[in-house]
Structures are given as C-alpha cells and as structure tokens.
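Residues per chain, in single letters:
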Amino acid sequence: MYRVTGTFPAAERYGLRSQMRRAAVSISANLAEGCGRMGDVELRRFVRISLGSLSELECELLLATDLDFLKAEASCQLIEEVRAIRGMLQNLHRALPSKPTQGGPGRF
C-alpha cells in the first residue's frame, strides 16, 4: 500500500493515502497482537478486527479508483488480493474456537 499510495496527490497526504496505509498496517498488526494474547479465543477476536480493516481497505481502494488515483487494472489486481486475503482470514476465523476449551488457553 505504501508504494501504491505514493503516487496519490499531495493533497491526500493526510487523507485517503494515510487512511489506506493505516488500514493495511492494521490488518497484520491485529493478527500479531492476537497471536500475542492468551489463547485462540482472543486470536479469533483479533482476526475479526483484521477482517474489518481489510473491508475498510477494499472500500478505500474503490474510492481511490473512482477518484482516478489508481488505474483500473491496478485496482482490479489489488481487489483480487484483498479477496484472497479475506478468504484466508475467514478460514482462520472459522478454525478458531469461539469459546475457551477445557484444556486451557493453548493453541491448536
């Protein structure tokens, strides 16, 4: 996202460019934070937060395309990547327990 948004107009330095960068970083940062928590239930919650940030990024990509900050071809490729990542995160979310298990807070 940093490379993609680097070509945005200077007027977007604190606007859409900043929002897109924050959303992109938030996806992996929330996964890392969830991994550092106590157990799979906490990780599951942070995966859900990452999915929210991913949806935000998708919306912002569409807006950037509508504003002609991104070419349609680049936007389509990025949207495909977003959708692939969404599928991975949804699979991870489904694989994690929603309630603590009897054995304690451990991983799989």
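Preceding this section is the structure that the text describes.
Residues numbered from 1 in each chain as written. Predicted model: local features only at pLDDT ≥ 70, side-chain atom pairs only at ≥ 80, totals over all residues. Heavy atoms only, no water.

Thoughts on the overall build of the protein chain
Okay, step 1: Counting secondary structure elements, the protein chain contains 4 helices and 0 strands.
Okay, step 2: Beginning at the N terminus, the succession of helices and strands in the protein chain can be written as α-α-α-α.
Okay, step 3: On C-alpha atoms alone, the protein chain measures out to a radius of gyration of 16 Å, which is more than a quarter above the 13 Å that the 2.2 N^0.38 rule sets for 108 residues.
Okay, step 4: In terms of its C-alpha atoms, the protein chain occupies a principal-axis envelope of roughly 55 × 25 × 15 Å.
Okay, step 5: Out of the 108 residues belonging to the protein chain, those deemed buried represent 32%.
Okay, step 6: Taking the contacts inside the protein chain whose residues are at least 6 apart along the sequence as the reference set, 64% of them involve residues at least 24 apart. (Helix = DSSP H or I, 4+ residues; strand = E, 2+ residues; numbered from the N terminus. Rg over C-alpha atoms; globule rule 2.2 N^0.38 Å. Buried < 20%, exposed > 50% of the residue type's maximum accessible area, 1.4 Å probe, protein only. Contact = heavy atoms within 4.5 Å.)

Some points on the packing of helix α2 (residues 16-35) against helix α3 (residues 40-66)
Okay, step 1: In the contact formed by α2 and α3, the axes pass within 8 Å of each other and the chain directions differ by 165 degrees. Classed by the angle they form, the pair α2 and α3 counts as roughly antiparallel. Crossing of α2 against α3: the hand is left-handed.
Okay, step 2: Its residues assigned to classes, the contact of α2 with α3 shows 16 nonpolar, 6 polar and 3 charged. (Axes fitted to C-alpha atoms, helices over the stretch in contact; angles between N-to-C directions. Parallel < 35°, antiparallel > 145°, perpendicular 65-115°, else oblique. Left-handed = near helix turned anticlockwise from the far one by under 90°. Nonpolar A, V, L, I, M, F, W, Y, C, P; charged D, E, K, R; others polar.)

Things to note about the packing of aromatic side chains
Okay, step 1: Throughout the structure, instances matching the rule amount to 1 aromatic pair.
Okay, step 2: When the ring of F8 is compared with that of F69, the centres are 5.3 Å apart and the planes differ by 45 degrees; the resulting orientation is tilted. Taken together, the residues span a long stretch of sequence, with F8 in the loop between α1 (2-5) and α2 and F69 in the loop between α3 and α4 (72-95) at a distance of 61 residues.
Okay, step 3: Accessibility expressed as a relative area gives 4% for F8, which makes it buried. (Phe/Tyr/Trp six-rings, centres within 6.5 Å; stacked < 30°, edge-to-face > 60°.)

Structural notes on the side chain of S50
Okay, step 1: By the element assignment, S50 lies in helix α3.
Okay, step 2: Exposure remark for S50: the relative accessible area of 0% places this residue in the buried category.

Quick notes on unusual backbone geometry
Glycine aside, the phi torsion of most residues is negative, and most peptide linkages are trans.
Okay, step 1: Positioned with a positive phi, D68 is a non-glycine residue whose angle comes to about 65 degrees.
Okay, step 2: Inspection of the secondary structure puts D68 in the loop between α3 and α4.

Structural notes on the environment of A74
Okay, step 1: Checked against the element boundaries, A74 lands in helix α4.
Okay, step 2: For A74, a relative accessible area of 32% gives the class partly exposed.

Notes on the nonpolar core
Okay, step 1: The biggest cluster of nonpolar side chains holds 18 residues, and the ones touching the most others in it are F8, M20, L57, L61, A64, L70 and L89.
Okay, step 2: Sorting the residues of this core by element identifies α2, α3 and α4 as the ones contributing at least two each.
Okay, step 3: Here this core gets 7 residues from one element, more than from any other, and that element is α3.
Okay, step 4: Excluding anything up to four places from it in sequence, F8 contacts L16, R17, M20, A64, F69 and L70. (Core = buried A, V, L, I, M, F, W, Y, C linked by side-chain atoms within 4.5 Å.)

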